[in-house]
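Residue strings, one per chain:
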Amino acid sequence: MDDDEMDGPVDGINITPLVDVLMVVLVMFILTATAQVAGIQVDLPKASASVSLSEPKTKAVSVNNDGQVFLDAYPVTLQELEDRLRTEKATNPDFPVVLRGDAAVQYQKVVEVLDILRRLELAQVGLVTGKPKN
């Protein structure tokens, strides 16, 4: 080959950067498609109309059938729950909270959690329910 052919335009396309970008996009899609609100396995009560409150900054408060309270899958006491939610409100004042109560849980425990949310003046609170079987 002579020097004229080496200095000419490149005829081929290097697709290695394109493949790298597509692989990153694919991994991100897989991670976001499988993301869920973290929580404890509870038997949800059934309701005919339910609203999805799955947002990235959503805090999930769960009460299992033994009355144990969890914040994002971590067991907490009611005082720890209040402290952690107060800290979150200081950094992000308008974050949504979903309350997942087991159908067999004592109603008093759910009311105590709702009372904490009311004291903290959290406006975006949702009660998670399942769909009834037809």
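Report follows, based on the coordinates. (Residues numbered from 1 in each chain as written. Predicted model: local features only at pLDDT ≥ 70, side-chain atom pairs only at ≥ 80, totals over all residues. Heavy atoms only, no water.)

### A short note on the overall build of the protein
At step 1: Secondary structure summary: the protein contains 4 helices and 5 strands in total.
At step 2: From first element to last, N terminus to C terminus, the protein shows the α and β order α-α-β-β-β-α-β-α-β.
At step 3: Buried positions account for 26% of the 134 residues belonging to the protein.
At step 4: Residue pairs in contact within the protein that sit at least 24 positions apart in sequence constitute 70% of those at least 6 positions apart.
At step 5: Of the roughly 9,800 Å² that the protein leaves accessible, carbon and sulfur atoms contribute 57%. (Helix = DSSP H or I, 4+ residues; strand = E, 2+ residues; numbered from the N terminus. Buried < 20%, exposed > 50% of the residue type's maximum accessible area, 1.4 Å probe, protein only. Contact = heavy atoms within 4.5 Å. Areas by Shrake-Rupley, 256 points an atom, 1.4 Å probe, with all protein chains shown as cover.)

### Describing a nonpolar patch on the surface
At step 1: Together, Ile13, Ile15, Leu18, Val19, Leu22, Met23, Leu26, Phe29 and Ile30 make up a nonpolar patch on the protein surface, roughly 940 Å² of accessible area in all.
At step 2: Looking at the secondary structure, you find phenylalanine 29 in helix α2 (residues 16-33).
At step 3: Assessed through its relative accessible area of 56%, phenylalanine 29 is described here as exposed. (Patch = residues over 30% accessible without salt bridge, like charges linked within 9 Å, V, L, I, M, F, W, Y side chains within 5 Å. Salt bridge = Lys/Arg side-chain N within 4 Å of Asp/Glu carboxyl O.)

### So, the nonpolar core
At step 1: Core analysis: the largest hydrophobic core is formed by 17 residues, its most contacted members being Val61, Val69, Leu81, Leu85, Val113 and Leu122.
At step 2: If you list the elements that add at least two residues to this core, you get β1 (59-63), β2 (69-71), α3 (78-91), β4 (97-101) and α4 (107-119).
At step 3: The residues contacting valine 69, other than those within four sequence positions of it, are Val61, Ser62, Val63, Tyr74, Pro75, Val76, Leu78, Leu81, Lys109 and Val113. (Core = buried A, V, L, I, M, F, W, Y, C linked by side-chain atoms within 4.5 Å.)

### Looking at the pattern of salt bridges
At step 1: Taken as a whole and judged by the stated rule, the model has 6 salt bridges.
At step 2: Close ionic contact of aspartate 72 with lysine 59 constitutes a salt bridge, the shortest N to O distance being 3.2 Å. Of this pair, aspartate 72 sits in the loop between β2 and β3 (74-76) while lysine 59 sits in strand β1, placing them 13 residues apart in sequence.
At step 3: Ionic pairing is found between lysine 109 and glutamate 112, a salt bridge with its closest N-O pair at 3.9 Å. Here lysine 109 and its partner glutamate 112 are both found in helix α4, 3 residues apart, which amounts to about one turn of the helix.
At step 4: By sharing partners, the salt bridges in this structure join Glu82, Arg86, Asp115, Arg118 and Arg119 into a single network.

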